[in-house]
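# Summary of the model geometry
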Amino acid sequence: MAGPPLPKEVLQRVLGLKALEEQREAQMKAYLVERAALEQKYKALIDPIYGERSKIVRGELEPALSEDRATVEQAGTTTDEADGPIVGVPDFWLSALGRNEAFEHFLEEPDVAALKYLVDVRCADFEDLTGFTVEFEFAENPFFSDSVLTKSYAIPNLVDANGQPELEKITGCEIAWKDAKDNLCVHEVKKKQKSKRGKNAGQTRVVAKLEDKPSFFHFFKSIKLPSADDDDEDEGDGEEFDDAARDKIDNDVELAFALRNQIVPHAVLWFTGEACDDDDDEDYDYDDEEGSDDEED
């Protein structure tokens, strides 16, 4: 909203300040171009590391250990030969997700069986750094036929977000459940229904309906974001974007940033639980940093 008219000499100075603002924006655009190039350079160096991690987790590669071999032999437990060899690192991603506070409240017991087939989790920023995509890769499983489930976040100010991302779009994917009974997001509810008219008036029948139930796999649904018009509307019963809808968006973004900034880069530390020790005082919109060493009185 425009303010009161300014004195001529003050207006001239304000116009000068706006010119400086435009100069800053031009420099920021140049910065983003250079940063995008730098991100791509190091992505090419880091991706092979993630690829090697994935192979170890899947059991396709054994790490080359030398100095640590004696430590492993002393600390590791033995397995029963009757159970057969252990392939890779079982439940690696399930454990890493479950130990992160952002996820622990969204993982339901039925989800565990499906997440045991999770073999890799990846996160890739858009080339122009205006968003990112998370990918969950699954081995063949009895729940759905998809091998990869994705979700993308368009965030124009991802680099210059100042702690508050400006969401433009959240795009999920449809999960191809193999059978209705395998769908972890719904369950069948039977309700009695009494006919009010016709020749069957007064008679009661049982109707089966599918209703949503809590599941982590709701995460992969697209989410409609509120528009400026929605923000300007008065709050009240029946509004499309009530507090619950906005909380849903906030929780979803918290999960996404936890994946991007914490779990994917430092998965082994979440698997071992070491990341949990430094996590109590952190917000999930930011990169991992060392937590406070202060103890409670």
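Residues numbered from 1 in each chain as written. Predicted model: local features only at pLDDT ≥ 70, side-chain atom pairs only at ≥ 80, totals over all residues. Heavy atoms only, no water.

Looking at an unreviewed UniProt entry, the protein carries the name Nucleosome assembly protein, with the source organism given as Aureococcus anophagefferens.

## Things to note about helix 7 (residues 243-263)
For the record, the criterion: Comment: elements are numbered from the N terminus, with helices defined as DSSP H or I runs of at least four residues and strands as E runs of at least two. Here, expected helix span is obtained from the residue count minus one, scaled by 1.5 Å. For every residue, the accessible area (1.4 Å probe, protein chains only) is compared with the maximum for its type, and the residue is labelled buried under 20%, exposed over 50%, or partly exposed between those bounds.
An ideal rise of 1.5 Å per residue puts 30 Å on 21 residues; helix 7 measures up with 28 Å between its terminal C-alpha atoms. For helix 7, every residue scored as buried is listed here: Ala245, Ile249, Asp252, Val253, Leu255, Ala256, Phe257, Ala258, Leu259, Asn261, Gln262 and Ile263.

## Thoughts on the pattern of salt bridges
Note that side chains of opposite charge can pair when their charged atoms are close. Put simply, the rule is: Between Lys or Arg on one side and Asp or Glu on the other, a salt bridge is scored when a side-chain nitrogen of the former is within 4 Å of a carboxyl oxygen of the latter.
In total, this model carries 13 salt bridges according to the counting rule given. Linking Lys151 and Asp252 is a salt bridge whose minimum nitrogen-to-oxygen distance equals 2.5 Å. Remark: Asp252 occurs in helix 7 and Lys151 occurs in strand 3 (residues 148-154); sequence separation between them is 101 residues. Considered together, Lys151 and Asp252 belong to a single accessibility category, that of buried residues.

## Some thoughts on the packing of aromatic side chains
Basically, it comes down to this: Side-chain rings of Phe, Tyr and Trp (the six-membered ring for Trp) are treated as a pair once their centres are within 6.5 Å; stacked means planes under 30 degrees apart, edge-to-face means over 60, and tilted covers the remaining angles.
Summed over all chains, the structure comprises 18 aromatic pairs. Centroid distance Phe216 to Phe219: 5.7 Å. Interplanar angle 10 degrees. Geometry classified as stacked. When sorted by exposure, Phe216 lands in the same class as Phe219, which is buried. On the basis of an interplanar angle of 80 degrees and a centroid distance of 5.8 Å, the ring pair of Phe216 and Phe220 is categorised as edge-to-face. Residue classification places Phe216 among the buried positions, given a relative accessible area of 2%. Among the aromatic side chains, those forming a connected cluster through ring pairs are Phe103, Phe136, Phe138, Phe144, Trp177, Phe216, Phe217, Phe219 and Phe220.

## As for the pairing of strand 3
Regular strands place their side chains on alternate faces of the sheet. Inclusion rule: Here the rule is simple: two strands pair whenever DSSP picks up at least two bridges between them.
Here strand 2 (residues 131-138) pairs with strand 3 via seven bridges, running antiparallel. Of the residues in strand 3, the one forming a bridge with Gly131 is Ala154.

## Side note on the sheet that holds strand 1 (residues 118-125)
What counts is decided by this rule: What counts as an axis is a line fitted to C-alpha atoms, over the stretch in contact for a helix, and the angles between N-to-C directions run from 0 to 180 degrees. The contact criterion used throughout is that any non-hydrogen atoms of two residues lie within 4.5 Å.
Strand order in the open sheet formed by four strands is 1-2-3-4, and the pairing between neighbours is antiparallel. Both edges of this open sheet fall to strand 1 and strand 4 (169-171), since each of them pairs with a single strand only. Each strand axis lies, on average, 10 degrees off the axis of its neighbour in the sheet, ignoring direction. Its contacts with the sheet place helix 1 (residues 8-58) against strand 1 and strand 2, and it is angled at close to 175 degrees to strand 1.

## Focus on unusual backbone geometry
Phi is positive for Asp91, which is not a glycine, with a value near 60 degrees. Overall, the relative accessible area of 27% leaves Asp91 in the partly exposed class. You will see that Leu129, though not glycine, has its phi angle at about 60 degrees, which is positive. Take Leu129: it is sitting in the loop between strand 1 and strand 2.

## Overview of the side chain of Asn183
Looking at where Asn183 falls in the secondary structure, it is placed in the loop between strand 4 and strand 5 (186-194). Ignoring sequence-local partners within four residues, the contact set of Asn183 consists of Trp177 and Lys213.

## Details of the environment of Val134
Turning to its location among the elements, Val134 is positioned in strand 2. Residues Val134 and Val148 lie 14 residues apart in sequence; the distance between their C-alpha atoms is 10.0 Å. Dropping the residues within four chain positions of it, Val134 is found in contact with Arg122, Cys123, Leu149, Thr150, Lys151, Phe219 and Leu259.

## Section: helix 1
Over its 51 residues, helix 1 extends 70 Å from the first C-alpha to the last, a length consistent with the 75 Å expected when each residue adds 1.5 Å. Every buried residue belonging to helix 1 is among Met28, Ala36, Arg53, Ser54 and Val57, and all of these are buried. Considering only its buried residues, helix 1 is in contact with helix 3 (92-98), strand 1 and helix 8 (267-272). Within two residues after helix 1, Gly59 carries a phi angle of roughly 90 degrees, on the positive side.

## Examining the environment of Glu101
By the secondary structure assignment, Glu101 is in helix 4 (residues 101-104). With 157 residues separating them in the primary sequence, Glu101 and Ala258 have C-alpha atoms 9.1 Å apart.

## Focus on the confidence of the model for the protein
The test is simple: Confidence of the prediction at every residue is given by pLDDT, a number between 0 and 100.
For the protein, the average pLDDT comes to 84, and 79% of its residues sit at 70 or higher. Within the protein, the element-level pLDDT minimum falls on helix 6 (residues 228-232), averaging 56, and the maximum on strand 3, averaging 98. Taken together, the stretch residues 234-239 has pLDDT below 50 and engages in three contacts with residues farther than four places along the chain or on a different chain. Throughout residues 281-297 the model reports pLDDT below 50, and contacts reaching past four residues in sequence, or to other chains, amount to 27 contacts.

## Some words on the nonpolar core
In plain terms, the rule: To define a nonpolar core, start from buried Ala, Val, Leu, Ile, Met, Phe, Trp, Tyr and Cys residues and group those joined through side-chain atoms within 4.5 Å.
Counting 46 residues, the largest nonpolar core has Phe103, Phe136, Phe216, Phe217, Phe219 and Leu259 as the members making the most contacts within it. Of all the elements in the fold, those that place two or more residues in this core are helix 3, helix 4, helix 5 (109-115), strand 1, strand 2, strand 3, helix 7 and helix 8. The leading source of residues in this core is helix 7, at eight residues. Dropping the residues within four chain positions of it, Phe217 is found in contact with Asp111, Ala114, Leu115, Phe138, Phe144, Leu149, Ile175, Trp177, Leu184 and Cys185.

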